[in-house]
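Overview (structure and organization)
Listed below, chain by chain, are the residues.
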Amino acid sequence: MRRRLELSQSAADTPAVVLVLVLLVNDPLPPLKDTSLSSHLKRLQLLVGEGCLLVAHPGRRISVSPPHHTAAPRRSELPSRPAAAPSTAETSRAPEPGPVRFSRRRRRRRRRRMKRRRRSRRRRREPACCLQLTLGGAVRRPALSSASFSRGMQTVTLIPGDGIGPEISTAVMKIFEAAKAPIRWEERNVTAIKGPGGRWMIPPDAKESMDRSKIGLKGPLKTPIAAGHPSMNLLLRKTFDLYANVRPCVSIEGYKTPYTDVNLVTIRENTEGEYSGIEHVIVDGVVQSIKLITENASRRIAEYAFEYARNNQRSSVTAVHKANIMRMSDGLFLRKCREVAENYKDVKFTEMYLDTVCLNMVQDPTQFDVLVMPNLYGDILSDLCAGLIGGLGVTPSGNIGANGVAIFESVHGTAPDIAGLDLANPTALLLSAVMMLRHMGLHDYGNKIQTACFDTIRDKKVLTKDLGGNSKCSEFTADICRRVQDLD
Amino acid sequence: IKISLVCASQPPPAQYGGRHTVTLIPGDGIGPELANHVRELFRFCCVPVDFEVVNVDSTMASEDDINNAIMAIRRNGVALKGNLETNHNLPPSYKSRNNLLRTTLDLYANVMHCQSLPGVRTRHRNIDIMIIRENTEGEYSSLEHENVPGVVECLKIITRTKSLRIADYAFRTAREKGRTRVTAVHKANIMKLGDGLFLECCKEVASGYPEITFDSMIVDNTTMQLVSRPQQFDVMVMPNLYGNVVSNVCAGLVGGPGLVPGANYGEDYAVFETGTRNTGKSIANTNTANPTAMLLASCLLLDHLKLHAYANMIRRAILSTVTETRLHTADLGGQGSTSEVVQSIMKAVESTGPRTLSL
């Protein structure tokens, strides 16, 4: 007996929303009276049980197949996949030498398949009812693999880093354990190694772990000067195409700064712009540095910014630019932002010059909500905003990449002078981990841990040295663990 | 490299009966009303300065207006300028008028002195930063091209001559004003060749000024330090774009764009304007703009013309008005209007200064 639950969104064109839930059940269910989302999910939990495969595609149906030893889901319910087996006509023929030539029928089928895929990506869903199930963040999540979904645990690649990295990573793992978050950590080290062809790359086991889990949490990495290889952060960015750097800056109650009501998010393009690294010495004494702005990268970051604003209930997005001077490059960036804004009429879009933003930011940061900008301005502004809330020791940061990869990190340095002395402040890494939980859709756990962390800081009884206290890192962690357990 | 040992710009001689002629470019937005207030105040104080007004229409595509203004500045040697608006939706053939003026006249140093004023309430106190910004090259070279559709390249040019020149200007100014520390702001960890050259030039010049401490800081760390502990900075020298960011941050820290004047110095010319170069379109003709920045810029102009007595008189009057909190304009949280503030300044001048025209 099949029961269909329709869960769809109110707006027509958000890609990261699941629409239709199909349950294969053996017993008839009484009709649902309470249509709240949590009740739907509770029923799902009851019916699905452990070990079932949950296949989710954004914009398509979730289908639940019972454990593999029972009947597989019917083909019509699963999201459409490319045709698995070639037609018998081809297989019966002996393989031909030379270049592969497909039959006309096969080419026609291929064309139809491509057209179907393109149409499905473009198709707008009509609203059916008003419940919304968002699979976290602004990224289309690929299908969750059965391995990571077993026992409800999700795998996350943890890169402890150097200096104080290992201590703060241990602190975060302890807090997650106290919160009973369904996260399984896979620790990996990233040190640059020279791959075939002489190119520097990250170790293959780290890459393979990230590709599998898609989510990473990274501590501070040091870049030794004159090591011969580019910085590790740059390598990671290039390997996983981390195109968006997101830094939410929220004032922390209890950690006093001259600015008390900051609540904004800076979204910075991470791959091009002034940091393309293209520089030449034209003649002796004249250096030219090239700032690269491309249509694709600008569109991608603008789309991410608007998706983020929509999924996190933010009301406006401001594009920061200097198009009065750099007419073509920032002009292109602005044009792409305007084009993308057309598709997101529910989010307000404004443009502001970089100097005006800086001027207003230090006088009244409350007027800003989400800021999107190219690389250099993003670097300066995100650090400016971090300074407003108390520095890099309390600022979370996330890097979003193509193919659903996301790496969350703490942006402070490795602090080698206090490494190993149990004096480090794990707040930045902890808040980044909370960002990660929200990205994965585990909002409850994220809120719990964040509340515990802010309560501890507000209480001011056990604070690390940089927050103004003189407790140890382990005491700070233990206090947060205790609060997390109390909140349960 | 031949670095000019003469002071950057000598004031033009006052040939016509001891009166100086100064080019006045009203600009857009709040520019014209503030220019009128400056003229009114100078007439009241009997300052021996005649203004030659050159109107520049920034909406016109032809560059005749700005070329006339440039010629007037070449004639007179000194100018007081309001900001000219640049519509960034126009194609790249329409260049920014302000930028054109600065590069044609080679006004290579932009100097902005940000000081906390006693009567203005801000989050940080005791700020006293002098920002010296390279004004003609760097990211503002306006050299852009699109090789492939959808890919735009913008060139940032850093040259040894100009970097040495601005570094030398910074250290000389620090020495003249008795400052002890110069900080170079850069991003040489990423732009190794470009900002690396700038940093190298600064270090070279620093070796010739042993009494002044020289250090450097990366621009993102600088902005973070500025919002947490701005009192640590003394003199800062930097390329064009970082100068834009840092000067706006500092102006915001001391109370806003209405308080800080800016000066652009070249070898032969000097142009004075508000520090943050805003047109103030939204408050134009509402009598709510803060005239302090423009009036302090006119004091800098008088200092440049070596009319120090008048400059000090007007500056004292302005600062006494600002410290009386009830006479602040809207941007400082008060209810005063522009004309009220100017009247109060004139009263202060009359009560303390020499004989003036009757009110």
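As shown above, the structure is provided for reference.
Anyway, here's the lowdown on the structure attached to this text. These figures come from a predicted structure and were not determined experimentally.

Remarks on the overall build of chain A
- The helix and strand inventory of chain A stands at 14 helices and 18 strands.
- Scored against the burial criterion, the 488 residues of chain A give a buried share of 51%.
- Counting only contacts in chain A whose residues sit at least 6 apart along the sequence, the fraction spanning at least 24 positions is 71%.
- As presented, chain A carries roughly 23,200 Å² of accessible surface, and 52% of it is formed by carbon and sulfur atoms.

Focus: the interface of chain A and chain B
- Listed per partner, the contact involves 49 residues of chain A and 57 residues of chain B.
- Summing both partners gives a buried area of about 4,400 Å² for chain A against chain B, and 65% of it is carried by carbon and sulfur.
- Of all residues in chain A, the largest losses of buried area upon contact with chain B belong to A:Ile325, A:Arg327 and A:Met328, amounting jointly to 16% of the total for that side.
- The interface formed by chain A and chain B contains one salt bridge.
- With a closest N to O distance of 2.7 Å, B:Lys187 and A:Asp379 form a salt bridge.
- Our count for the chain A to chain B interface comes out at 23 residue pairs in polar contact (both at pLDDT 80 or more).
- For the side of chain A that touches chain B, the secondary-structure elements that each account for two or more residues are β12 (273-283), β13 (286-294), α9 (327-342), β15 (348-353), α10 (354-363) and α11 (375-389) of chain A.
- A breakdown of the residues in the side of chain A that touches chain B according to their chemical character gives 27 nonpolar, 11 polar and 11 charged.
- Here β13(A) runs beside strand β7 (residues 151-159) of chain B; their pairing, made up of nine bridges, is antiparallel. Of the residues in β7(B), the one forming a bridge with A:Gln288 is B:Ile157.

Here's the deal with the sheet that holds β13(A)
- The antiparallel open sheet is built from four strands, whose spatial order is β12(A)-β13(A)-β7(B)-β6(B). Because the sheet does not close on itself, it has two edges, and the strands there are β12 of chain A together with β6 (138-148) of chain B. Across the sheet, the mean angle from the axis of one strand to that of its neighbour is 30 degrees, orientation sign disregarded.
- With six bridges joining them, β12(A) and β13(A) adopt antiparallel strand pairing. Bridge pairing in β13(A) places A:Gly273 opposite A:Leu292.
- Taken strand by strand, α11(A) contacts β12 and β13 of chain A, and its axis lies near 120 degrees from that of β12(A).

Focus: unusual backbone geometry
Residue and element names in this part refer to chain B.
- Although it is not a glycine, Cys46 adopts a positive phi angle of roughly 55 degrees.
- Locating Cys46 in the fold gives a position in the loop between α1 (31-44) and β2 (49-53).
- Its identity is not glycine, yet Asn285 carries a phi of approximately 60 degrees, on the positive side.
- Tracing the sequence through the fold places Asn285 in the loop between β12 (270-274) and α8 (292-304).
- A residue is classified by how much of its surface remains accessible, and Asn285, at 71% relative accessible area, is exposed.

Regarding the packing of α1(B) against α8(B)
Residues and elements named next belong to chain B.
- Across the interface, α1 lies against α8 with an axial gap of 10 Å and an inter-helix angle of 50 degrees. Relative to α8, α1 is oriented oblique. Here α1 and α8 pass one another in a crossing that is right-handed. Here α1 contributes Leu34, Val38, Leu41 and Phe42 to the contact with α8, which in turn contributes Met294, Leu295, Ser298, Leu301 and Leu302.
- Classifying every residue of the contact of α1 with α8 gives eight nonpolar, one polar and no charged.

As for the side chain of A:Arg247
Residue and element names in this part refer to chain A.
- Relative to the helices and strands, Arg247 resides in strand β10 (residues 242-250).
- Looking at Arg247, its side chain comes within polar contact range of the side chain of Asp383, at 2.8 Å.
- Filtering out sequence-adjacent residues up to four positions away, Arg247 remains in contact with Leu264, Val265, Thr266, Ser382, Asp383, Ala386, Leu392, Thr395, Pro396, Ser397 and Val411.

Conventions adopted
- Every chain is numbered on its own, with residues counted from 1 as its sequence reads.
- Ligands are numbered from 1 and chains lettered from A, in the order in which they are written.
- In keeping with the model being predicted, local features are shown solely for residues with a pLDDT of at least 70 and side-chain atom pairs are shown and tallied solely at 80 or more, while totals for entire chains, interfaces and linings include all residues.
- In computing side-chain properties, one takes all heavy atoms of the structure into account and sets aside hydrogens as well as water.
- For helices the rule is a DSSP run of H or I covering at least 4 residues; for strands it is a run of E covering at least 2, with both sets numbered from the N terminus onward.
- Only protein chains enter the area calculation, which uses a 1.4 Å probe; residues under 20% of their type maximum are buried, those over 50% are exposed, and those in between are partly exposed.
- Residue contacts follow a heavy-atom distance rule, with two residues in contact if any of their heavy atoms lie within 4.5 Å.
- To be clear on the numbers: accessible area is Shrake-Rupley with a 1.4 Å probe, and residue cover counts the displayed protein chains and nothing else.
- For any pair of parts, buried area is found by adding up, for both, the accessible area (1.4 Å probe) each one loses once the two are put together.
- We define a salt bridge as a contact between a side-chain nitrogen of Lys or Arg and a carboxyl oxygen of Asp or Glu at a distance within 4 Å.
- Two N or O atoms count as a polar contact when they lie within 3.5 Å, although within protein this holds only if one can serve as hydrogen donor and the other as acceptor, and sequence-adjacent residues are included solely when both atoms are side-chain atoms.
- Three classes are used, and their members are as follows: Ala, Val, Leu, Ile, Met, Phe, Trp, Tyr, Cys and Pro are nonpolar, Asp, Glu, Lys and Arg are charged, and the others, Gly among them, are polar.
- What makes two strands pair is DSSP finding at least two bridges between them.
- Each axis is a line fitted through C-alpha atoms, and for a helix only the stretch in contact is used; angles between axes span 0 to 180 degrees, taken between their N-to-C directions.
- Working rule for angles: under 35 degrees goes down as roughly parallel, over 145 as roughly antiparallel, 65 to 115 as roughly perpendicular, anything else as oblique.
- For a crossing to be left-handed, the near helix must be turned anticlockwise from the far one by less than a right angle; the clockwise case is right-handed.

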